[in-house]
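Spelled out from the first residue to the last, the chains are:
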Amino acid sequence: METRMKGLPFSRGKERRSSDIKVKRSLDYFDVGDIDDPQSLPSPVKETPLSKKMRLSFEINEETPVLLAEELDSNEVSGCFQFSPSTVSRVETSPATKASRVELPSPPSPQFTQAPPPSPVQNRGGEVKKLQADLEEARRIITVLYQKICIAEDVQAQLKSDLEAEKSRLLYKCISESDSKICQYTGLPNKETFKWLLNCFPQPLNYYHGNKSVICLCKENQLLLTLMKLRYGFTHSVLADWFKVSETTVTNVFRTWVNALHTVLFKTLMKTVPSRHKNRLSLPECFAPYRNCRMIIDCTEIRVEIPDSMRHKNLVHSSYKGFSTAKSLVGVAPNGTITYVSDLYPGSNSDKTIVGECGLLNIFEPGDLILADKGFLIHDMLPPGVSLNIPPFKRTAQFTAAQVRATSTIATARIHVERANARIKEYQILECIPVNMFHYSTEIFQTCCALTNLKTPLINEVEDEMRLWK
């Protein structure tokens, strides 16, 4: 059976069909039965690179035109298949056969059609601009959201800080359930008194700094701050730290509430001095000899800061106390209630001078009795019908028995004004009035006196009668 040698893929020469090729495959490459003398064919040896390429070409595509063996010389064929040149020459075709061959036209070279280039992008400018605009809008939205997140984080941190500050803040609600704490912080006896005092101011207050209303503290806490300032004399920096506000706010609150308390408690409630007839409704036993007594008077002094001016230093210097003071005349009813408080005067003024200037004597009516100590030599100043009872002076080497009894009786009655003055001075802001408070020190002192009346009665035996009297 005749076999064609297949064309090699690396050879693109002319390929012709030859029906009389006598070269046959031996072993892997030729059919030994088709060779005249198979014994003359050598045993196949190791495949050479060229023979391997030819064999692969044979096996890959059998439809390609063959590569005629005659196009190779004997040496190439013998070298490829390890045959001797004489063996190869015996299988070559005869001249007659060569003449009868019909040459086949070379197959057309494969035409590789190249893919058409992509059509150019047309009318895409608007889309690109739109995409760019969308991108810028997205960036803007991201920026705005990032800013909002930052603001939210700042607000969260501030709220957390405020919450921590609120926990450590001194507020009325922290002490409102304990009467002992109310008394400790404010000097008022109980929470009912605190609520009553707070209800005296139903309308919004006109603040000292008119354009700065206080919204960081409710009314309860503003009143608590003011009472604590009066009760203990704390500095504004300490109060600002406890209430978590600025010192300016503390000043604004204190000035405003001192004025409000002074207006309500002093100017309104203490405007009228009770008559001697009303005093008799709650008259203690020690005042039985003095049933017409309307008032016990005494002057009290409070320390003030030394002013810079030499003239003012001389005015406020008290020869009795030995330091700078301010002096006020205090009048107490027989039941221990403070019924009159004069303005503050420089400590150099005498008791008689203050009585003449404060206008106290204009209050009394004929039949009224005034109790005082030896310093009030005001007999020549009394209105007609008004009497004065003071301890007797020692005109002899020894007091008479009558003088001793009179002195003891008057002292027993007068002691209550001394106790009232001691209660007033429980407000530690009066321990020393600073220079920057001189211009409203009278308001402070009179407010402290009015707050003293809100405490429990000075004389226990008249407590029930005083409830009815009020």
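Residues numbered from 1 in each chain as written. Predicted model: local features only at pLDDT ≥ 70, side-chain atom pairs only at ≥ 80, totals over all residues. Heavy atoms only, no water.

A. The arrangement of a nonpolar patch on the surface in detail. A cluster of nonpolar side chains, namely Ile 151, Val 155 and Leu 159, defines an oily patch on the protein surface of about 280 Å² accessible area. The residue Leu 159 is located in helix α5 (residues 125-167) in this model. Here Leu 159 falls in the exposed class, since its relative accessible area comes to 53%. (Patch = residues over 30% accessible without salt bridge, like charges linked within 9 Å, V, L, I, M, F, W, Y side chains within 5 Å. Areas by Shrake-Rupley, 256 points an atom, 1.4 Å probe, with all protein chains shown as cover. Salt bridge = Lys/Arg side-chain N within 4 Å of Asp/Glu carboxyl O. Helix = DSSP H or I, 4+ residues; strand = E, 2+ residues; numbered from the N terminus. Buried < 20%, exposed > 50% of the residue type's maximum accessible area, 1.4 Å probe, protein only.)

B. Broad picture of the packing of aromatic side chains. Applying the stated criterion to the full structure yields five aromatic pairs. Cluster of aromatic residues (ring-pair linked, three or more members): Tyr 232, Phe 234 and Trp 242. The cationic tip of Arg 255 hangs over the ring face of Tyr 440; the distance from NZ or CZ to the ring centre is 3.9 Å. Its end group placed over the ring of Phe 393, Lys 374 keeps NZ or CZ at 5.7 Å from the ring centre. (Phe/Tyr/Trp six-rings, centres within 6.5 Å; stacked < 30°, edge-to-face > 60°. Lys NZ or Arg CZ within 6 Å of the ring centre and 35° of its normal.)

C. Layout of the nonpolar core. In terms of nonpolar packing, the biggest core is built from 70 residues, with Leu 197, Phe 243, Ile 338, Leu 430, Ile 444, Phe 445 and Leu 451 touching the most fellow members. What Phe 243 contacts, discounting residues up to four positions off in sequence, is Arg 169, Leu 170, Leu 217, Asn 221, Leu 224, Leu 225 and Met 228. (Core = buried A, V, L, I, M, F, W, Y, C linked by side-chain atoms within 4.5 Å. Contact = heavy atoms within 4.5 Å.)

D. A look at unusual backbone geometry. The phi torsion at Lys 244 lies on the positive side, around 60°, for a residue other than glycine. Tracing the backbone through its elements, the reader meets Lys 244 in the loop between α9 (236-243) and α10 (247-268). What makes Lys 244 partly exposed here is its relative accessible area of 38%.

E. View of the side chain of Ser 318. Along the chain, the position of Ser 318 falls in the loop between α12 (310-316) and β2 (325-332). Side-chain polar atoms of Ser 318 contact the backbone nitrogen of Lys 321, separated by 3.1 Å. (Polar contact = N/O pair within 3.5 Å; in protein donor to acceptor, adjacent residues only side chain to side chain.)

F. Representation of the confidence of the model for the protein within the structure. In the predicted model, the protein carries a mean pLDDT of 78, and the fraction of residues at 70 or more is 71%. Between residues 40-45, whose pLDDT stays under 50, and residues either more than four places distant or in other chains, the model counts 13 contacts. Under a pLDDT of 50 for its full length, residues 87-104 has, in the predicted model, 28 contacts with residues more than four places off or in other chains. (pLDDT = per-residue confidence, 0-100.)

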